[in-house]
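# Observations on the three-dimensional arrangement
Each chain, letter by letter, is given below.
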Amino acid sequence: MTERRYDPQSIEPKWQDVWERERTWEVSNDEVGDAPKSYVLEMLPYPSGEPHMGHLKNYAVGDAVAHFHRRTGRRVLHPIGYDAFGLPAENHAIRTGEHPRVSTAKSIEQFQRQFRSWGVSFDWSREFGTHEPSYYRWTQWIFVKLFERGLAYRKEAAVNWCPVDATVLANEQVIDGRCERCGSLVEARQLEQWFFRITDYADRLLDELDSIEWPQHVKTMQRNWIGRSEGAEVTFSSPEIGVDYPVFTTRPDTLFGATFFVMAPEHPDVLRLAEGTGHEQAVRDYVNKAQTESSEERRDAERTKTGVPLGRFVVNPVNGERIPMWVADYVLMEYGTGAIMAVPAHDERDFDFAQTFDLPIRKVIDCGEELPCSADGPLVNSHRDFDGLHNREALERIVDWLDEQGKGHRSVNYRLRDWLLSRQRYWGAPIPIVHCPRCGLVPVPEADLPVLLPEIADYAPKGRSPLASAEDWLNVPCPRCGGAAKRETDTMDTFVDSSWYFLRYTDSGNDSAPWDTAVTRRWMPVDQYIGGVEHAILHLMYARFFVKALADMDLLDVQEPFKALFTQGMITRDGAKMSKSKGNMISPVPYVERYGADTARCYTLFIGPPDHDADWTDKGVEGVHRFLGRLWRLGADVAEQTGQQEPLGPLDEPEGPDLELMRKAHWAIDKVTEDMAGRFAFNTAIAAVMELVNEAYRQRDAVHPATLHFATATAASLIFPFAPHAGSDVYEMLTGDRVWEEPWPAADLGLLERDTVEVVLQVNGKLRDRIQVPANAPREELEQTARDRPRIQAHLNGHEVVKVVVVPARLVNFVVR
Ligand SMILES: [Zn+2]
Ligand SMILES: [Zn+2]
């Protein structure tokens, strides 16, 4: 027996050196044979400070997929880079004076060092940061393409303004009325801003969700964000002021119940309408007050309704009634046309408003005793042509009638707004536009890109971009007429940078184009994308929009960037989300130093299904470490006994313990393959290798050396995607070969036929887990296997086991108190 001990501190650097020296994971863009391609990508990290355990889990998931794809015969592109522009580096610069470029470089170095120490199989030759001029040159180039196509435009808009960060935020960056970054209440301001016309793509972004393999909950979030609703646009006219106001409604069947008309405080006509009505001052005061409220407050249905009359009337097109116009903050400019017809009998908020201001309420659908009610029912109090009709049928007929009269038509409304991309901040890609007094907005010619970020002395935001202080940079001749002009001083939202980085990886060294269309044709789309569900809306929507817009310009051949998406769960500690402010961030460093990267990687995958949140415990880490040690020592022992040899596979006619162990090995191959290929069930895949190793220990003295050799080499081969260093080391000890060059093992179906059975594990009669075991597994083994399961441990912890009921091939029940 060997006395050698599992020593990740020597094994891991040894294999990392091999991979780095031999550039093992680099892949060329040339088509090699006819191997299918696989593009495996984790969302690129934001380099701020050091990586935490959530990063390690993200890359452990991606690396397992990349290795599995390679060993099942695919040519794998698995690159890495950094989303390096953004506010944290800039805020750090404001505090310390250190240039964002310097702090970003330091952080990137931390990430690089840790990625290497984790042994992630990246193709390092394609690495870049989005803050490098060689990258953002092409971000600017894409901006110009979008501008030329009319997809980037400038307009004055009420924007979300964070008073602390002194910058504009996209709607998506406002969470419950607060800044996503610093938590301050967001204010409304009117500013000239740059937008991308993502709303032009609303229908395609919605419909083409059906063509991709994404988790349903992510698709649902995107659908809700796009917020397509069908209804009608109905025109309310105001003969006395000579203006028509269209409103969008999903309920044109309730039109006869519209008893007043409400406009959003931001509606551009509100102040003008009130002029000369005697309500002017009250309206002005109300509009000013509404500006300071968050849209979250305004959306709150429970809130007491406020508003003021405009002193004007509009005509309801279906019955000619004059109804009063109001301004009220429960109507949002972002929804529909910024004005609504109010039907208090059938809408909760309209009802509350009518009650507050004593406005008439007319029930027009017999939908319930109590008002307001929104259920279906026959129309009442409407018009003899419609009364008595079921409201769904009446809806269609009323819209047809409006259409005939030229007073309305079927219409679709979207919640999605255009993407506000300009930021009044320093650390981002400058928007490549020149403002010329004669020519207007002129894009910077391709030959003059990149527009480099100027060096400035003071990064602090002052309500305008810090770039405006760089006079030499600011004043340029107009590229079109040569006259004196000024550069745009806003920078781009960092989500622009990350909306196309996956294209750049295909050809990151290219300095004559952002990518080569022939090369993107070979690699795109990303076959497996991996990242946090927090990006379900922003990043994933924007990247889809970019790809569709680029495809429309014949710059790409794909319509979707990410064919399949996996969203991993968070790692929590003691049930709490890790955050810098709570000081409960788990750094991978001490774990990698003490137990090795393989242990940390396996543990993040083993603690539960990788798409669920999972709670970190140091005890669990030790359990995984012990398992890898047992596998490694078994490998060393067997190698000492048999010497290096090819894994022979089964004896011709294995029997008894040899047959048992062979079957276990093939069961594990089958189980891990299924868990990898079908469903990302890495936790149960690792558990299957653990079972195989346990079985090998149990049978080691009873089986032929070749059988033990096969079982151990198989365990090393199967654990490799999760623990690449230990897997490589054990496999080499046993065979002299490199496991990553070996094809993925295939299960011998003949050996799988024997029954394994599912045994349910209970604690106090409650189902807590299930295991697959040989049908004849003895009682003691069943009990021990059950006790070793983390989900059972979690329920036994802190309790006294008073009794264990084992029914072989059926169940194990722990009775605890
Ligand atoms: Zn903020
Ligand atoms: Zn000009």
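Higher on the page you've got the structure.
Here we summarise the structure given alongside this text. From a predicted model like this one, the values you see are computed outputs, not experimental measurements.

For a metal bound by four donors in tetrahedral geometry, the ideal donor-metal-donor angle is 109.5 degrees, whereas six donors in octahedral geometry ideally sit at 90 or 180 degrees. C436 (SG), C439 (SG), C478 (SG) and C481 (SG) make up the full set of protein donors to the zinc ion (ligand 2), lying at 2.2 to 2.3 Å. Seen from the zinc ion (ligand 2), its four donor atoms lie at angles of 106 to 113°, and the figure they make is tetrahedral. If you list the donors of the zinc ion (ligand 2) from N- to C-terminus, the spacing comes out as C-x2-C-x38-C-x2-C. Here C481 lies in the loop between β21 (475-477) and β22 (484-487) and C436 lies in strand β19 (residues 433-436), a separation of 45 residues in the sequence.

Inspection of the entire model under this criterion finds 46 salt bridges. Between D269 and R272 there is a salt bridge whose closest N-O contact spans 3.6 Å. Residue classification places D269 among the buried residues on the basis of a relative accessible area of 16%. A residue is classified by how much of its surface remains accessible, and R272, at 47% relative accessible area, is partly exposed. The closest approach of N and O atoms between R698 and E695, which form a salt bridge, is 3.3 Å. Placement of both R698 and E695 in helix α22 (residues 682-699) is noted, with a separation of three residues, approximately one turn of the helix.

Okay, the pairing of β22 next. By the bridge criterion, two bridges tie β19 to β22 in an arrangement that is antiparallel. Each residue of the ladder has a partner; that of V434, found in β22, is R487. Hairpin geometry of β21 and β22 is characterised by an intervening segment of six residues between the two adjacent antiparallel strands and by a positive phi of about 80° at G482.

This paragraph deals with helix α18 (residues 588-595). Residues of α18 that are buried include every one of P588, Y591, V592 and Y595, and no others. Around the axis of α18, the buried residues are gathered within 100° of arc, so they sit on the same side. Pointing more than 90 degrees away from the buried face of α18 are the exposed residues E593 and R594. Taking the backbone nitrogen of V589 as reference, a side-chain oxygen 3.1 Å away marks S587 as the first, capping residue of α18.

Take unusual backbone geometry next. Along the chain, L449 connects to P450 via a cis peptide bond; the corresponding omega equals 0°. Of note, P450 is situated in the loop between β20 (440-443) and α13 (471-474). With an omega of -5°, the peptide bond between M524 and P525 qualifies as cis. Notably, D358 is not glycine yet its phi reads approximately 55°, a positive angle. The topology assignment puts D358 in the loop between α11 (348-357) and α12 (391-405).

With that out of the way, let us pick up the coordination of the zinc ion (ligand 1). Within the first shell, the zinc ion (ligand 1) binds the protein through C162 (SG), D165 (OD), C179 (SG) and C182 (SG), at distances of 2.1 to 2.3 Å. Between the four donor atoms coordinating the zinc ion (ligand 1), the angles at the centre fall across 102 to 115°, so the site counts as tetrahedral. If you list the donors of the zinc ion (ligand 1) from N- to C-terminus, the spacing comes out as C-x2-D-x13-C-x2-C. Residue D165 is located in the loop between β5 (152-162) and β6 (167-169), and its partner C182 is located in the loop between β8 (178-179) and β9 (187-196); the two are separated by 17 residues in the primary sequence. The class of D165 is buried, set by a relative accessible area of 6%. By relative accessible area, C182 is classed as partly exposed at 36%.

Quick look at the nonpolar core now. Formed by 93 residues in total, the largest nonpolar core has its most connected members in F115, V672, F682, I719 and F722. When residues of this core are assigned to their parent elements, the largest contribution, eleven residues, is made by α22. Ignoring sequence-local partners within four residues, the contact set of F682 consists of V61, A64, V65, L605, P610, M676 and F722. Judged by nonpolar contacts, the second largest core, of 92 residues, contains Y39, W419, C478 and F495.

Another point: the environment of S579. Within the secondary structure, S579 is located in the loop between β27 (576-577) and α18. Residues S579 and L332, spaced 247 residues apart in sequence, show a C-alpha to C-alpha distance of 34 Å. What S579 contacts, discounting residues up to four positions off in sequence, is N584 and M585.

Note that F682 resides in helix α22. Judged by relative accessible area, F682 falls into the buried class, the value being 0%.

Next up on the list: the sheet that holds strand β28 (residues 614-616). Taken in spatial order, the three strands make up an open sheet running β27-β26-β28, and their pairing is mixed. Edge strands, defined here as strands with exactly one partner in the open sheet, are β27 and β28.

The subject of this paragraph is a negative patch on the surface. Side chains of D176, E296, E297, D300, E302 and E348 sit close together on the surface and give a patch of like negative charge. Secondary-structure assignment places E297 in helix α10 (residues 295-299).

Across all of its chains, the model carries 52 aromatic pairs by this definition. Measuring from centroid to centroid gives 5.9 Å for W500 and W515, while their planes differ by 50°, and the two rings are tilted. Linking W500 in the loop between α14 (494-497) and α15 (501-504) with W515 in the loop between α15 and α16 (517-523), this pair joins segments that are 15 residues apart in sequence. Here a set of aromatic residues connected by ring pairs shows up, and it is made of F128, Y135, W138, W141, W500, Y501, F502, Y505, W515, Y529 and F562. One cation-aromatic arrangement involves R544 over W214; the distance from NZ or CZ to the ring centre is 5.8 Å. Over the ring of W667 we find K664; its NZ or CZ atom is 4.3 Å from the centre of that ring.

Moving on to the side chain of H666. Within the secondary structure, H666 is located in helix α21 (residues 656-679). Taking relative accessible area as the criterion, H666 reaches 5% and is therefore assigned buried. Within the local environment of H666, its side chain forms a polar contact with the backbone nitrogen of D748, the two atoms lying 2.8 Å apart. Aside from chain neighbours lying at most four places away, what touches H666 is F710, A746, A747, D748, L751 and L752.

Before going further, it helps to spend a moment on the sheet that holds β9. Read across the open sheet, the four strands follow the order β6-β5-β9-β17; overall the sheet is antiparallel. Edge positions in the open sheet fall to β6 and β17 (419-420), since each of these has one partner strand only. Summarising the sheet, β5 and β6 pair through three bridges and their orientation is antiparallel. Across the sheet, residue W161 finds its bridge partner in β6, namely V168. Seen against the sheet, helix α5 (residues 133-148) touches β5 and β9 and runs at an angle of roughly 90° to β9.

The next point concerns the pairing of strand β1 (residues 37-42). For β1, a buried count of six out of six residues is recorded, marking the element as mostly surrounded by other parts of the structure. Side chains K37, Y39 and L41 project from β1 onto one buried face, and the interleaved S38, V40 and E42 project onto a second face that is buried too. Inspection of the sheet shows β1 paired to strand β2 (residues 75-77) by three bridges, in the parallel sense. Residue K37 lies in a different strand from β2, and its bridge partner there is R75. As a crossover connection, the stretch from β1 through helix α2 (residues 53-71) into β2 is right-handed. Relative to strand β24 (residues 528-532), β1 is paired through three bridges, and the arrangement is parallel. Looking at the pairing, L41 lines up with Y529 of β24.

In a regular helix each residue adds 1.5 Å, so 15 residues correspond to 21 Å; helix α23 (residues 705-719) covers 21 Å between its end C-alpha atoms and thus fits that length. Counting buried positions along α23 yields 14 of 15 residues, so the element is predominantly enclosed.

Contact pair helix α4 (residues 100-118) / α18: the axes reach a minimum separation of 11 Å and the direction vectors enclose 35°. Here α4 runs over α18; the crossing is left-handed. Contact with α4, carried on its side by Q114, S117 and W118, involves P588, V589 and V592 of α18 and no other residues of that element.

Definitions and cut-offs
- Residues numbered from 1 in each chain as written.
- Chains lettered and ligands numbered in written order.
- Predicted model: local features only at pLDDT ≥ 70, side-chain atom pairs only at ≥ 80, totals over all residues.
- Heavy atoms only, no water.
- Donors = N, O, S within 2.8 Å, 3.2 Å for Na, K, Ca; no water.
- Tetrahedral: all angles 85-135°; square planar, octahedral: opposite > 155°, others 65-115°.
- Helix = DSSP H or I, 4+ residues; strand = E, 2+ residues; numbered from the N terminus.
- Salt bridge = Lys/Arg side-chain N within 4 Å of Asp/Glu carboxyl O.
- Buried < 20%, exposed > 50% of the residue type's maximum accessible area, 1.4 Å probe, protein only.
- Pairing = 2+ DSSP bridges.
- Arc of directions from axis to C-beta.
- Polar contact = N/O pair within 3.5 Å; in protein donor to acceptor, adjacent residues only side chain to side chain.
- Core = buried A, V, L, I, M, F, W, Y, C linked by side-chain atoms within 4.5 Å.
- Contact = heavy atoms within 4.5 Å.
- Patch = residues over 30% accessible without salt bridge, like charges linked within 9 Å, V, L, I, M, F, W, Y side chains within 5 Å.
- Areas by Shrake-Rupley, 256 points an atom, 1.4 Å probe, with all protein chains shown as cover.
- Lys, Arg positive; Asp, Glu negative; His and termini not counted.
- Charge placed at Lys NZ, Arg CZ, Asp CG, Glu CD.
- Phe/Tyr/Trp six-rings, centres within 6.5 Å; stacked < 30°, edge-to-face > 60°.
- Lys NZ or Arg CZ within 6 Å of the ring centre and 35° of its normal.
- Axes fitted to C-alpha atoms, helices over the stretch in contact; angles between N-to-C directions.
- Right-handed = clockwise from strand over helix to strand, strands pointing away.
- Expected span 1.5 Å × (residues − 1).
- Left-handed = near helix turned anticlockwise from the far one by under 90°.

None of this, on its own, says anything about what the molecule does.
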